[in-house]
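Take a look at the letters that make up each chain.
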Amino acid sequence: MTFFGDFLFFFCMALVLLPAVVLGLRGKPLGPYGLLASLVLLLAALAQDVRQLCWLLGYLLLEVALVQLYLRLRSRFGRVGWHYALCLALSVLPVFLAKLSEVTPLHLFQFIGVSYLTFRTAQVIIEIYDGLIQKVPLAEFLAFLLFFPTLSSGPIDRSRRFQQDYHRVYTREEYLDLVGDGLQKLLVGLVYKFVFASLAYRLLSLADPKANVWLALGYAYAYGIYMFFDFAGYSRMAVGAAYLLGVRTPDNFDKPFVSHDVKEFWNRWHITLSQWLRDYLFSRLLMRGIKGKWFPDKLTGACCAFLVNMLVMGAWHGFALHYLLYGLYHGVLLALTEVYQKKSSFYKKHKQDRWYRALSWFVTLNFVMFGFLLFSGKLIG
């Protein structure tokens, strides 16, 4: 059974969502039932893969222990840097080992959703350090981590936002509106993933990216379109299913191919990942660098932070060379865009002109599509 990928999953999902609809229409809390539904679907999906199930259980034990340990350390000793750094490093160690296992014979922490679960746990530890989180009830934490609509491929929700929905009780009218929106997202996601993405995937077989420049360009566009409809379709279905469980999971895509520069693209593509990296890596690295006078000026700091930020994004997808190059490529594009927009008088003079916006859109689209060609691994594989 594949999450949002086959008939068996959709059949099982319908079975666990029907009681949620009944509870919601009766004005009952949906949070605890969401945890139960997630456990049922997860056990059904991993019933035939004991090794993956064991890795997941081991991961949960580790992360729950780390969060509770750091809560106690933070409460008793305050903001001690090495306490925070050690717990945060241990919390992200599983995803590091999982990605390393993809290019080595280690085979550690190989289970569904390890990348997304790790970012959720890291966010909790970071916000405990910031003083934004003072307690983490076990049931709520597990419900947040294992929430089945977003378990395998996101979107990446935030714990405090999720917690509000976990405790919220909707009126019948509010829940009916939520169900209507959720079903619409589910249907649109189905069309995206199983119609448009399937058609784009067929086009991939018609182009050899190593044959010549034109076929490489055709492959890049076909792969980019496939990636959008496949991932955006999954994300819409995940958000739709979450709505039926009373959780307003944030959307993950917002017309990314209309972007006029690469910064705008990353505000529209995989939005929750972009925002996570912005809030918990880019901004903190830049502020630390400015405070520690690591850089001669803020612009240089921003460029360095973009490079690190996007290299981490590439490594988060995997340690294969094409993922790392994809991250580095977008880091360079973002850094160059930042310099150009901050320093260029030509940009400041013409950025609102219609001809300039059209040209900017065209250039951005081609940069983005070349990035997808890198991401596919076909260019260097």
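What counts as what
- Residues numbered from 1 in each chain as written.
- Predicted model: local features only at pLDDT ≥ 70, side-chain atom pairs only at ≥ 80, totals over all residues.
- Heavy atoms only, no water.
- Helix = DSSP H or I, 4+ residues; strand = E, 2+ residues; numbered from the N terminus.
- Rg over C-alpha atoms; globule rule 2.2 N^0.38 Å.
- Buried < 20%, exposed > 50% of the residue type's maximum accessible area, 1.4 Å probe, protein only.
- Contact = heavy atoms within 4.5 Å.
- Areas by Shrake-Rupley, 256 points an atom, 1.4 Å probe, with all protein chains shown as cover.
- Lys, Arg positive; Asp, Glu negative; His and termini not counted.
- Charge placed at Lys NZ, Arg CZ, Asp CG, Glu CD.
- Patch = residues over 30% accessible without salt bridge, like charges linked within 9 Å, V, L, I, M, F, W, Y side chains within 5 Å.
- Salt bridge = Lys/Arg side-chain N within 4 Å of Asp/Glu carboxyl O.
- Phe/Tyr/Trp six-rings, centres within 6.5 Å; stacked < 30°, edge-to-face > 60°.
- Axes fitted to C-alpha atoms, helices over the stretch in contact; angles between N-to-C directions.
- Parallel < 35°, antiparallel > 145°, perpendicular 65-115°, else oblique.
- Nonpolar A, V, L, I, M, F, W, Y, C, P; charged D, E, K, R; others polar.
- Disulfide = S-S within 2.5 Å.
- Left-handed = near helix turned anticlockwise from the far one by under 90°.
- Expected span 1.5 Å × (residues − 1).
- Bend = angle between axes of the 7 residues up to and from the residue.
- Arc of directions from axis to C-beta.

### Concerning the overall build of the chain
Here's step 1: Of the regular secondary structure elements, the chain holds 15 helices and zero strands.
Here's step 2: Relative to the 2.2 N^0.38 estimate, which gives 21 Å for 381 residues, the radius of gyration of the chain is 22 Å and therefore close to what a compact globule would have.
Here's step 3: Overall, the chain is about 60 × 55 × 50 Å in size when its C-alpha atoms are taken along their principal axes.
Here's step 4: A buried classification covers 51% of the 381 residues belonging to the chain.
Here's step 5: A sequence separation of at least 24 residues applies to 71% of the contacts in the chain between residues at least 6 apart.
Here's step 6: Carbon and sulfur atoms provide 66% of the accessible area of the chain, an area that totals close to 18500 Å².
Here's step 7: The averaged location of the 23 negative side-chain charges in the chain is 6 Å from the averaged location of its 38 positive side-chain charges.

### Here we look at a nonpolar patch on the surface
Here's step 1: Together, L307, L311, L321, L325, L328, V332, L336, F370, L379 and I380 give the surface a local cluster of nonpolar side chains, amounting to about 790 Å² of exposed area.
Here's step 2: Looking at the nonpolar patch element by element, the count peaks at five residues for helix α13 (residues 321-343).
Here's step 3: In this fold, L307 is placed in helix α12 (residues 298-317).
Here's step 4: Of the residues examined, L307 reaches a relative accessible area of 31% and is grouped as partly exposed.

### Some points on the pattern of salt bridges
Here's step 1: Applying the stated criterion to the full structure yields 15 salt bridges.
Here's step 2: Where K193 meets D230, a salt bridge forms, and the shortest distance between an N and an O atom there is 2.8 Å. In this pair, K193 sits in helix α8 (residues 172-204) while D230 sits in helix α9 (residues 213-244), placing the two residues 37 residues apart along the sequence.
Here's step 3: According to the relative accessible area criterion, D230 is partly exposed, its value standing at 22%.
Here's step 4: A salt bridge links K263 to E338; the nearest nitrogen and oxygen atoms lie 2.9 Å apart. With K263 in helix α10 (residues 262-268) and E338 in helix α13, this pair connects stretches of sequence that are 75 residues apart.
Here's step 5: Three or more residues joined by partner-sharing salt bridges are found here, namely D254, K255, E264 and R268.

### Some points on the packing of aromatic side chains
Here's step 1: Applying the stated criterion across every chain, the model contains 50 aromatic pairs.
Here's step 2: Summarising the aromatic geometry, the rings of F228 and F253 are spaced 5.9 Å apart at their centres and angled 85° between planes, so their arrangement reads as edge-to-face. You can see F228 sitting in helix α9 and its partner F253 sitting in the loop between α9 and α10, a full 25 residues away along the chain. Here the two residues F228 and F253 agree in accessibility, since each one is buried.

### A word on the packing of helix α4 (residues 81-101) against helix α5 (residues 114-129)
Here's step 1: Where α4 meets α5, the closest approach of the two axes is 10 Å, and the angle between their N-to-C directions is 175°. With respect to their mutual orientation, α4 and α5 come out roughly antiparallel. Mapping the contact onto sequence places Y84, C87, L88, S91, V92, P94, V95, A98 and K99 in α4 and V114, S115, T118, T121, A122, I125, I126 and Y129 in α5.
Here's step 2: Classifying every residue of the contact of α4 with α5 by side-chain character gives 12 nonpolar, four polar and one charged.

### Re the state of the cysteines
Here's step 1: Counted by the stated rule, this structure contains zero disulfides.
Here's step 2: Of all cysteine sulfurs in the structure, the one in C304 sits closest to C303, which takes part in no disulfide; the separation is 6.9 Å.
Here's step 3: What makes C303 buried here is its relative accessible area of 13%.

### Topic: the packing of α13 against helix α15 (residues 354-376)
Two quantities define a packed helix pair, namely the angle between the helix axes and the distance between the axes.
Here's step 1: The geometry of α13 relative to α15 is characterised by a closest axis approach of 7 Å and an angle of 160° between their N-to-C directions. Between α13 and α15, the angle falls in the class roughly antiparallel. As α13 runs across α15, the sense of the crossing is right-handed. Judged by residue contacts, H322, Y323, L325, Y326, Y329, H330, L333 and Y340 of α13 engage Y356, F367, F370, G371, F372, L374, F375 and S376 from α15.

### Looking at helix α11 (residues 271-291)
For an α-helix, the turn length of 3.6 residues means that residues three or four places apart are oriented alike.
Here's step 1: Look at α11: 28 Å from first C-alpha to last across 21 residues, which is about the 30 Å you get at 1.5 Å a residue.
Here's step 2: Its axis deflected by about 40° at R278, α11 carries its strongest bend there.
Here's step 3: Along α11, the residues classified as buried are I271, T272, L273, S274, W276, L277, Y280, F282, L286 and G289.
Here's step 4: Where α11 is buried, its residues contact α5, α10 and α12.
Here's step 5: Among the residues trailing α11, K293 stands out with phi positive, at a value near 55°.

### Details of unusual backbone geometry
Here's step 1: Here the bond from G154 into P155 is cis, since omega is 0°, no more than 30 degrees from zero.
Here's step 2: By the secondary structure assignment, P155 is in the loop between α6 (138-146) and α7 (159-167).
Here's step 3: Phi angles above zero are rare outside glycine, and H107 is one such case at about 60°.
Here's step 4: Turning to its location among the elements, H107 is positioned in the loop between α4 and α5.
Here's step 5: Residues other than glycine seldom take positive phi values, yet K255 does so here, at roughly 45°.
Here's step 6: By the secondary structure assignment, K255 is in the loop between α9 and α10.

### Digging into α7
Here's step 1: Residues of α7 that are buried: S159, F162, D165 and Y166. Buried residues of α7, seen end-on, are gathered within an arc of 125° and therefore sit on one face of the element.
Here's step 2: Summarising the contacts, the buried residues of α7 are in contact with α2 (31-46), α5 and α6.

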